[in-house]
Amino acid sequence: MTQRAVDSSGKQKPRRPRPAPIDAGSELDPVHPMKLPDPAVRSTGLTAAEVAERIARGEVNDVPVRSSRSVGEIVRANVFTRFNLIIGVLWLVMLFVAPFQDSLFGYVIIANTGIGIVQEWRAKKTLDGLAVIGEAKPTVRRDGVAAEISTSEIVLGDLVELGPGDKVVVDGAVAEADNLEIDESLLTGEADPVVKQPGDPVMSGSFVVAGGGAFSATKVGREAYAAQLAEEASRFTLVQSELRSGISTILKYVTWMMVPTAIGLIISQLFVKKTDLKDSIARTVGGIVPMIPEGLVLLTSVAFAIGVVRLGRKQCLVQELPAIEGLARVDIVCLDKTGTLTEGGMDVTELRALAGADDPYIRQVLANLGASDPRPNASLQAIIDAYPSPNGEAWHCTEALPFSSARKYSGAAFDEGSGKASSWLLGAPDVLLPDHDPALGEIEQLNRQGLRVLLLARVQGELEGPRSAAGAEPAALVVLEQRLRPDAGQTLRYFADQQVATKVISGDNAVSVGAVAGKLGLPGAEHTLDARRLPTDPDDMATAIEENAVFGRVTPQQKREMVAALQSRGHTVAMTGDGVNDVLALKDADIGVSMGSGSEATRAVAQIVLLNNSFATLPSVVAEGRRVIGNITRVATLFLTKTVYSVLLAILVVCFQVEYPFLPRHLTLLSTLTIGIPAFFLALAPNKERARPHFVRRVMRYSVPSGVIAGIATFVTYLIARHYYTGPGALDAETSAATLTLFLVSMWVLAIIARPYTWWRILLVAAMGAAFLVVLVVPWLQGFFALKLVGTVMPWAAVGIAVVAATALEFSWRLVSRRFPV
């Protein structure tokens with residue numbers, strides 16, 4: 001239902017097409033003018049019979065909302081790929097012209113594809129389950145009773161209730177409005193909330209920022225304006241990311257190299273050499289197959305899918321796949337204090353009457369203020385808990401002003417009976433009081449203790465308007481204590497250890513927020529700044545944000561501007577939040593993280609939803625992202641080293657006009673032992689390396705020299721063996737010597753990539769070497785893979801050449817590391 005802008009690299013973000021701007025005051029349907037529902041329906045909603053009648057007519061909000069690809073789409077995406085087509089054709093050819101062992105590569109591809117399908121299906125099941133848990137449940141009034149139902153159960157004419165943070169899930173007309181303000185910026189781009197009156201249209205995709213009310217559903221299902229966007233907002237999408245786009249770029253380069261090289265190899269082996277047709281075909285296929293990095297895409301998908309499943313077990317819903325990768329690249333995390341560092345609830349610890357105000361009367365005012373708001377925020381709920389409204393003694397509320405993050409206060413006007421009336425505001429003291437008011441000094445002391453302080457003030461005249469707080473008479477201070485999340489301190493220390501800067505951005509008093517952050521051990525918590533003093537110039541603002549760690553009195557629009565200012569400095573920014581005031585910043589941040597208990601609007605725009613409401617889950621998401629990026633970089637180097645040496649060997653064979661040295665079975669064995677099996681384990685291993693940019697560049701810097709060294713060493717061994725061996729069986733002996741060199745060099749590449757060593761990495765490399773040794777010494781396996789070392793001179797020469805190549809590999813890797821340091 002909302003629009004998304006995603007780019008985990010932190011650069012310019014590609015956006016989905018934005019719908020044409022809507023005139024918020026226009027009718028939804030110019031052909032069928034909007035009509036207000038009957039007043040009786042407005043108050044009680046539809047009856048059960050009316051609901052059943054509409055369901056029978058199909059007037060249900062039946063937009064299909066999916067959290068992941070369907071099983072059919074998963075199968076098609078994994079089976080019908082460009083490289084699977086190439087390998088499939090070659091496999092069919094080999095089944096007809098060569099022994100079974102030369103067609104093993106086809107069965108490996110079938111197994112790989114099956115693994116990819118199963119893993120993504122597991123991820124789909126996890127996501128579908130989590131999406132149901134995190135699904136928005138609008139409150140619908142039927143037969144005069146309000147109840148939460150699934151979005152898909154709404155029918156035409158349903159009366160849907162709205163409160164702060166609620167998302168408008170279908171198009172409708174306002175039936176009831178109590179200072180109702182709706183933000184339509186996600187649809188129209190208009191930043192200012194729109195005040196709605198009965199009869200005004202509301203659009204699916206907008207959300208409530210203040211007040212409350214109800215609307216009657218006028219369009220449901222696919223007829224609703226934002227129905228298509230609703231499906232997109234809830235879908236598990238494979239959108240743009242540096243990792244996926246990098247792999248696509250690599251595969252494009254591989255295709256360009258592979259096609260002409262393969263054509264040259266075919267001409268050389270089949271038409272120039274004019275050797276045995278079946279053997280020529282087998283060796284031609286043996287030269288083409290290893291050029292294809294067929295397992296690279298598979299392992300990337302598997303790594304992401306397993307990451308989704310792991311995070312799902314921790315009640316973390318990843319709404320967009322690259323969000324795992326993106327959070328690993330983040331270097332600044334912007335945190336909203338309430339609901340992130342602190343729990344949602346608060347407790348009233350003290351009530352201080354000011355200017356001789358009567359304490360019992362003040363308590364009565366607070367009790368009636370609480371009763372005047374049907375959807376209290378956390379602060380007002382604490383006051384309601386402390387000062388419940390006495391039965392039968394409630395005053396009559398004549399005007400109500402709901403809390404707004406922009407103005408920082410709420411209010412109400414009362415008829416107290418006996419002809420007595422009063423108007424009150426409750427909110428931020430430093431907003432309601434002039435700068436030099438003596439009460440501010442007392443409040444400052446309380447803020448330094450990490451306490452939250454609200455001012456109750458009496459006002460004259462109407463509550464709403466730019467001058468409503470002018471001349472406010474302080475009556476009392478309400479002191480609130482916030483409940484700190486027990487795991488927040490540990491999470492802040494984790495980000496500090498990982499060199500990720502943490503910025504606390506809150507609408508509360510900066511000193512109070514700094515005190516809370518200081519209790520949790522946030523580095524730089526003493527550097528606080530009131531956002532009202534932030535410079536407006538984006539560059540100056542970015543400097544101020546970089547130099548300070550805690551920001552108070554931040555408006556929703558400022559949160560958005562702060563995110564943009566940091567991004568302009570090249571930072572990759574994550575934003576966490578749970579309130580409606582966080583929506584715009586969450587939407588613009590590189591990664592938006594919402595709490596599961598947050599408003600529907602925040603959950604809709606966030607890429608990651610922490611369903612367990614635990615800020616401590618974030619390190620797990622970062623760790624998964626780093627595991628995926630770091631490990632895919634490792635295995636990509638393995639796969640592309642094979643592609644480079646395969647292309648080089650084919651070119652050298654064409655230039656020197658000799659038989660291709662390998663049959664498909666040889667390269668299937670080498671690929672399995674030096675790439676396939678090790679890459680699977682390395683791709684899923686823990687990895688805490690910080691994510692680095694320029695994926696393609698980093699992979700190619702290592703894989704190109706490695707592939708060149710491996711290809712040259714192998715071909716040198718092959719040429720020497722051609723001059724050494726003569727007579728029948730010479731080609732098999734030459735192939736065996738070349739295979740030994742290629743295996744040893746490839747193993748050395750694997751040994752370098754497996755660093756830093758742990759016991760299981762050493763065991764993995766040793767096991768692959770032992771498996772190859774078994775093939776060389778077991779007669780049945782020697783025959784199956786056509787590998788038999790003849791004599792001692794050539795095998796030892798092959799080992800010697802491999803040692804020289806390994807030395808060259810070490811030198812080249814260290815040279816690249818020095819020239820292009822991290």
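Residues numbered from 1 in each chain as written. Predicted model: local features only at pLDDT ≥ 70, side-chain atom pairs only at ≥ 80, totals over all residues. Heavy atoms only, no water.

**Description of the overall build of the protein**
Helix and strand counts for the protein come out as 28 helices and 21 strands. Counting over 822 residues, the protein shows a buried share of 59%. Contacts in the protein between residues at least 24 apart in sequence constitute 74% of all its contacts with a sequence separation of at least 6. Of the roughly 33,000 Å² of accessible surface on the protein, 60% is carried by carbon and sulfur atoms. (Helix = DSSP H or I, 4+ residues; strand = E, 2+ residues; numbered from the N terminus. Buried < 20%, exposed > 50% of the residue type's maximum accessible area, 1.4 Å probe, protein only. Contact = heavy atoms within 4.5 Å. Areas by Shrake-Rupley, 256 points an atom, 1.4 Å probe, with all protein chains shown as cover.)

**Focus on the sheet that holds strand 20 (residues 591–595)**
If you walk across this open sheet you meet the eight strands as 8-21-20-19-9-16-18-17, and the pairing is mixed. The open sheet terminates on both sides in strands that have one partner only, identified here as strand 8 (316–318) and strand 17 (528–530). Across the sheet, the mean angle from the axis of one strand to that of its neighbour is 20°, orientation sign disregarded. The sheet contact formed by strand 19 (residues 573–577) and strand 20 spans four bridges and is parallel. Following the sheet pairing, methionine 575 is matched in strand 20 by glycine 592. (Pairing = 2+ DSSP bridges. Axes fitted to C-alpha atoms, helices over the stretch in contact; angles between N-to-C directions.)

**A closer look at the pairing of strand 4 (residues 171–183)**
Bridging between strand 4 and strand 7 (residues 207–219) involves 10 bridges; their strand directions are antiparallel. Paired with glycine 172 across the strands is alanine 217, a residue of strand 7. Here strand 4 pairs with strand 5 (residues 194–195) via two bridges, running antiparallel. If you follow glutamate 181 over to strand 5, its bridge partner there is valine 195.

**Concerning the side chain of threonine 674**
For threonine 674, the position within the fold is in helix 23 (residues 664–683). In this structure threonine 674 comes out as buried when scored by relative accessible area, which is 1%. A polar contact of 2.6 Å, which involves the side chain of threonine 674, links it to the backbone oxygen of leucine 670. Those residues within four positions of threonine 674 in sequence are excluded, and the remaining contacts are Leu638, Phe743, Ser746, Met747 and Leu750. (Polar contact = N/O pair within 3.5 Å; in protein donor to acceptor, adjacent residues only side chain to side chain.)

**With respect to the packing of aromatic side chains**
On inspection of all chains with the given rule, the structure shows 13 aromatic pairs. A centroid spacing of 3.8 Å and a plane angle of 15° characterise the contact between phenylalanine 743 and phenylalanine 772, whose relative ring orientation is stacked. Taken as a pair, phenylalanine 743 in helix 25 (residues 730–753) and phenylalanine 772 in helix 26 (residues 759–777) lie far apart in primary sequence, 29 residues in all. Neither residue differs from the other here; phenylalanine 743 and phenylalanine 772 are each classed as buried. Ring-pair connections join several aromatic residues into one group, and the members of that group are Tyr361, Trp395, Phe414 and Trp424. (Phe/Tyr/Trp six-rings, centres within 6.5 Å; stacked < 30°, edge-to-face > 60°.)

**Some words on the packing of helix 23 against helix 25**
One way to put it is that helix 23 packs onto helix 25 with a least axis distance of 9 Å and a crossing angle of 10°. As the angle between them shows, helix 23 and helix 25 are arranged roughly parallel. Counting all contacts with helix 23, which are made through His666, Leu667, Leu670, Leu673, Thr674, Pro678 and Leu682, the residues of helix 25 involved are Thr735, Thr739, Leu742, Phe743, Ser746, Met747, Leu750 and Ile753. Residue classes in the contact of helix 23 with helix 25 are distributed as 10 nonpolar, five polar and no charged. (Parallel < 35°, antiparallel > 145°, perpendicular 65-115°, else oblique. Nonpolar A, V, L, I, M, F, W, Y, C, P; charged D, E, K, R; others polar.)

**Points about the side chain of arginine 553**
Residue placement: arginine 553 occurs in the loop between strand 18 (550–552) and helix 19 (556–568). Among the polar contacts made by the side chain of arginine 553, one reaches the main-chain carbonyl oxygen of glycine 507 at a distance of 2.8 Å.

**A look at the packing of helix 22 (residues 618–656) against helix 24 (residues 695–724)**
Two elements in contact, helix 22 and helix 24, have axes separated by 7 Å at closest approach and are oriented at 40°. Here helix 24 runs oblique to helix 22, going by the angle between their axes. Remark: the crossing between helix 22 and helix 24 carries right-handed chirality. Its residues placed into classes, the contact of helix 22 with helix 24 shows 20 nonpolar, eight polar and one charged. (Left-handed = near helix turned anticlockwise from the far one by under 90°.)

**Observations regarding the pattern of salt bridges**
Between side chains of opposite charge, a pair can form as their charged atoms come close. Tallied over the full model, the rule gives 25 salt bridges. With a closest N to O distance of 2.6 Å, glutamate 810 and arginine 755 form a salt bridge. Of this pair, glutamate 810 sits in helix 28 (residues 793–819) while arginine 755 sits in the loop between helix 25 and helix 26, and the two are 55 residues apart along the sequence. A salt bridge links arginine 814 to glutamate 810, with the shortest nitrogen-to-oxygen separation between them at 3.8 Å. Taken together, the residues arginine 814 and glutamate 810, both in helix 28 and four residues apart, mark about one turn of the helix. A network of salt bridges, in which partner residues are shared, links Asp430, Asp530, Arg532, Arg533 and Arg553. (Salt bridge = Lys/Arg side-chain N within 4 Å of Asp/Glu carboxyl O.)

**A word on the nonpolar core**
Membership of the largest hydrophobic core comes to 90 residues, with the highest contact counts inside it found for Phe105, Ile632, Val635, Leu638, Phe695, Phe772 and Phe785. With 14 residues, helix 22 is the single largest residue contributor to this core. Among the nonpolar cores identified, the runner-up in size contains 37 residues, and Ala305, Leu311, Ala488 and Val504 belong to it. (Core = buried A, V, L, I, M, F, W, Y, C linked by side-chain atoms within 4.5 Å.)

**Re unusual backbone geometry**
In this model, arginine 755 is joined to proline 756 through a cis peptide bond whose omega is -5°. At aspartate 143, a residue that is not glycine, the phi angle is positive and equals roughly 55°. Looking at the secondary structure, you find aspartate 143 in the loop between strand 1 (139–142) and strand 2 (145–148).

**A short note on the pairing of strand 3 (residues 159–162)**
With burial as the criterion, each face of strand 3 is covered, one bearing Leu159 and Glu161 and the other bearing Val160 and Leu162. Bridging between strand 1 and strand 3 involves two bridges; their strand directions are antiparallel. When the bridges of strand 3 are listed, arginine 141 appears paired with leucine 159. Relative to strand 7, strand 3 runs antiparallel, the two being bridged by four bridges. Opposite valine 160, over in strand 7, you have phenylalanine 215 as the bridge partner.

**Quick notes on the confidence of the model for the protein**
Averaged over the protein, the pLDDT score is 80; the fraction of residues at 70 or greater is 87%. Taken element by element, the protein is modelled with least confidence in helix 7 (residues 227–233), mean pLDDT 45, and with most confidence in helix 26, mean pLDDT 94. Contacts of residues 1–41 to residues separated by more than four positions or lying in other chains number 116 contacts, the stretch itself having pLDDT below 50. Low pLDDT, under 50, characterises residues 228–239; the predicted model gives this stretch 44 contacts beyond four residues in sequence or across chains. (pLDDT = per-residue confidence, 0-100.)

**Describing the environment of cysteine 334**
With respect to the helices and strands, the residue cysteine 334 is situated in strand 9 (residues 332–335). Sequence separation between cysteine 334 and valine 504 is 170 residues, and the spatial gap between their C-alpha atoms is 5.8 Å. When near neighbours in sequence (up to four residues on either side) are disregarded, cysteine 334 contacts Lys503, Ile505, Leu566, Val573, Ala574, Met575 and Thr576.

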